[in-house]
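Understanding the architecture of this molecule
The residues making up each chain are set out below.
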Amino acid sequence: MSISKAWRRVRTVCWIFVISWTSAASVQASQGAWVETRAGAARLVAAQIGGQTYLALQLDLQDGWHTYWRYPGASGIAPVFDISAPYKVGPPPNFGDTVFPAPHFFDDGVGGFFGYQGKSGFVFPFAGADLPMTLRLDAQIGICREICIPVALRLDVTVDAAGLAHPGDQKW
């Protein structure tokens, strides 16, 4: 991937998170309901920016908790994602590669690892979607404090042409 293409992807990811964390967005977006646990909260956000549609897993981890980047280090848990359109008739949307924001290096005294804390998430570009449709994300991520807990997420968001969200079945 060229540097300019990589920079555009990073810039797009940043815009998606800025838009999803603010209420005064001028782009078309849909948001699922927050699902909360003692470690934090998660939801799905779908947005269209410059003709490209994105789905994003938005995380808001409480202080002291973290999750891992795609290369988690010796003791971490790499995130695994499965996206579907469970109620769509016809061909499913085409999802591109997962966009991982730049991670933070955590020095744990035994080699360290790359990951995220606080407000972060993962972005999934897609195309070929006839709206409205419900998108579902099944994810396996490690959320850690002193020990790591494998967490299974199942999140739905309904995206329609007006950018409205209708939260579906949310499980943590």
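Relevant structure appears above.
Residues numbered from 1 in each chain as written. Predicted model: local features only at pLDDT ≥ 70, side-chain atom pairs only at ≥ 80, totals over all residues. Heavy atoms only, no water.

So, the pairing of strand S3 (residues 40–49)
Most of S3 is tucked away: eight of the ten residues are buried. In sequence, strand S2 (residues 35–36) turns back onto S3 through a hairpin of three residues. Direction of pairing for S3 relative to strand S4 (residues 52–61): antiparallel, over a ladder of ten bridges. Counterpart to Ala46 in the pairing with S4 is Leu55. Here S3 folds back onto S4, and the loop between the two strands holds two residues, one of which, Gly50, carries a positive phi near 60°. (Buried < 20%, exposed > 50% of the residue type's maximum accessible area, 1.4 Å probe, protein only. Helix = DSSP H or I, 4+ residues; strand = E, 2+ residues; numbered from the N terminus. Pairing = 2+ DSSP bridges.)

Concerning the state of the cysteines
All told, the structure shown has one disulfide when counted by the stated rule. Across the disulfide from Cys144 sits Cys148; the S-S distance is 2.1 Å. With the S-S dihedral at roughly 110°, the linkage between Cys144 and Cys148 falls on the right-handed side. For Cys148, a relative accessible area of 30% corresponds to the partly exposed category. (Disulfide = S-S within 2.5 Å.)

Details of the pairing of strand S12 (residues 148–159)
Pairing between strand S11 (residues 133–144) and S12: twelve bridges, direction antiparallel. Bridge assignment links Arg136 to a residue of S12, and that residue is Asp156. Here S11 folds back onto S12 in antiparallel fashion, the turn holding three residues.

Section: the side chain of Thr67
You can see Thr67 is positioned in strand S5 (residues 66–68). Assessed through its relative accessible area of 1%, Thr67 is described here as buried. Excluding residues within four positions of it along the chain, Thr67 makes contact with Leu59, Leu61, Gly115, Tyr116, Ile141 and Gly142. (Contact = heavy atoms within 4.5 Å.)

Description of the packing of aromatic side chains
Note on aromatic pairs: each is described by the distance of the centres and the angle between the planes. Following the criterion strictly, the structure yields eleven aromatic pairs and no others. Ring geometry for Trp69 and Tyr71: centres 5.3 Å apart, planes at 80°, overall edge-to-face. (Phe/Tyr/Trp six-rings, centres within 6.5 Å; stacked < 30°, edge-to-face > 60°.)

Focus on the nonpolar core
Ranked by internal contacts, the top residues of the largest apolar core, which has 30 residues, are Leu55, Leu57, Phe81, Phe122, Phe124, Leu135 and Leu137. Elements with a minimum of two residues in this core: S3, S4, strand S6 (80–84), strand S10 (119–127), S11 and S12. A per-element tally of this core places S11 first, with six residues. Apart from the residues lying within four places of it in its own chain, the contact partners of Phe124 are Thr53, Tyr54, Leu55, Ala56, Leu57, Phe81, Ile83, Phe95, Thr98 and Leu137. (Core = buried A, V, L, I, M, F, W, Y, C linked by side-chain atoms within 4.5 Å.)

What to know about the pattern of salt bridges
This structure, assessed with the given rule, holds two salt bridges. The partner of Arg136 in a salt bridge is Asp156, with the nearest N and O atoms 2.7 Å apart. On the criterion of sequence distance, the pair formed by Arg136 in strand S11 and Asp156 in strand S12 is long-range, its members being 20 residues apart. By relative accessible area, which is 11% here, Arg136 ends up buried. The salt bridge partner of Asp138 is Arg154, with a shortest N-O separation of 2.7 Å. Residue Asp138 is located in strand S11, and its partner Arg154 is located in strand S12; the two are separated by 16 residues in the primary sequence. Arg154 sits in the partly exposed class, given a relative accessible area of 30%. (Salt bridge = Lys/Arg side-chain N within 4 Å of Asp/Glu carboxyl O.)

So, the environment of Leu153
Structurally, the position occupied by Leu153 is in strand S12. Between the C-alpha atom of Leu153 and that of Arg43, which follows or precedes it by 110 residues, the distance is 9.6 Å.

Any functional reading would require information that these geometric values do not contain.
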